[in-house]
Amino acid sequence: MRSILLSIALIIISSSCQKEYVCVCTNVNTGSKSDGDKIKTNVFTKKANEETCKNNANLSGGTLKDCHLE
């Protein structure tokens with residue numbers, strides 16, 4: 001019973017504390033900031049989403065830098 005209540009509490013906490021972020025990168029050639037996809041995340045998944053956003057700089061072939069969530 002206790003594990004069921006704990007599971008329900010974790011689901012409620014993780015879904016109710018979601019915030020929406022945008023992955024923002026700076027274009028190396030122009031210096032302008034570009035907005036990527038909107039990401040809904042919570043305290044449990046924010047770090048993984050931040051790492052995914054940062055990897056956009058590596059995948060861009062050197063055209064993007066300083067990718068981060070805002």
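Scope of this entry: the structure provided in the associated data block. (Residues numbered from 1 in each chain as written. Predicted model: local features only at pLDDT ≥ 70, side-chain atom pairs only at ≥ 80, totals over all residues. Heavy atoms only, no water.)

**Some thoughts on the sheet that holds strand β1 (residues 19-27)**
Strand pairing in a sheet takes place through backbone hydrogen bonds and is either antiparallel or parallel in direction.
Working step 1: Read from one edge of the open sheet, three strands run β2-β1-β3, paired in antiparallel fashion. Each end of this open sheet is capped by a strand with a single partner; those strands are β2 (33-41) and β3 (64-69). Averaged over all neighbouring strand pairs, the angle between strand axes comes to 20°, with direction disregarded.
Working step 2: Pairing of β1 with β3 involves four bridges; the strand directions are antiparallel. The partner of Cys23 across the bridge, within β3, is Leu69.
Working step 3: Of the strands in this sheet, β1, β2 and β3 are in contact with helix α2 (residues 46-59), which crosses β3 at around 165°. (Pairing = 2+ DSSP bridges. Helix = DSSP H or I, 4+ residues; strand = E, 2+ residues; numbered from the N terminus. Axes fitted to C-alpha atoms, helices over the stretch in contact; angles between N-to-C directions. Contact = heavy atoms within 4.5 Å.)

**Focus: the nonpolar core**
Working step 1: Judged by nonpolar contacts, Tyr21, Cys23, Cys25, Ile39, Cys53, Ala57, Cys67 and Leu69 together constitute the single largest core of eight residues.
Working step 2: Where this core is concerned, the elements lending two or more residues are β1, α2 and β3.
Working step 3: Among the elements that take part in this core, β1 stands out by supplying three residues, more than any other.
Working step 4: The residues touching Ile39, leaving out its near neighbours within four places in the chain, are Lys19, Glu20, Tyr21, Asn49 and Leu69. (Core = buried A, V, L, I, M, F, W, Y, C linked by side-chain atoms within 4.5 Å. Buried < 20%, exposed > 50% of the residue type's maximum accessible area, 1.4 Å probe, protein only.)

**A few points about the pairing of β2**
Working step 1: Direction of pairing for β1 relative to β2: antiparallel, over a ladder of seven bridges. Note on β2: the bridge partner recorded for Tyr21 is Ile39.
Working step 2: The hairpin turn running from β1 into β2, its antiparallel successor, is five residues long, and Gly31 in that turn takes a positive phi close to 80°.

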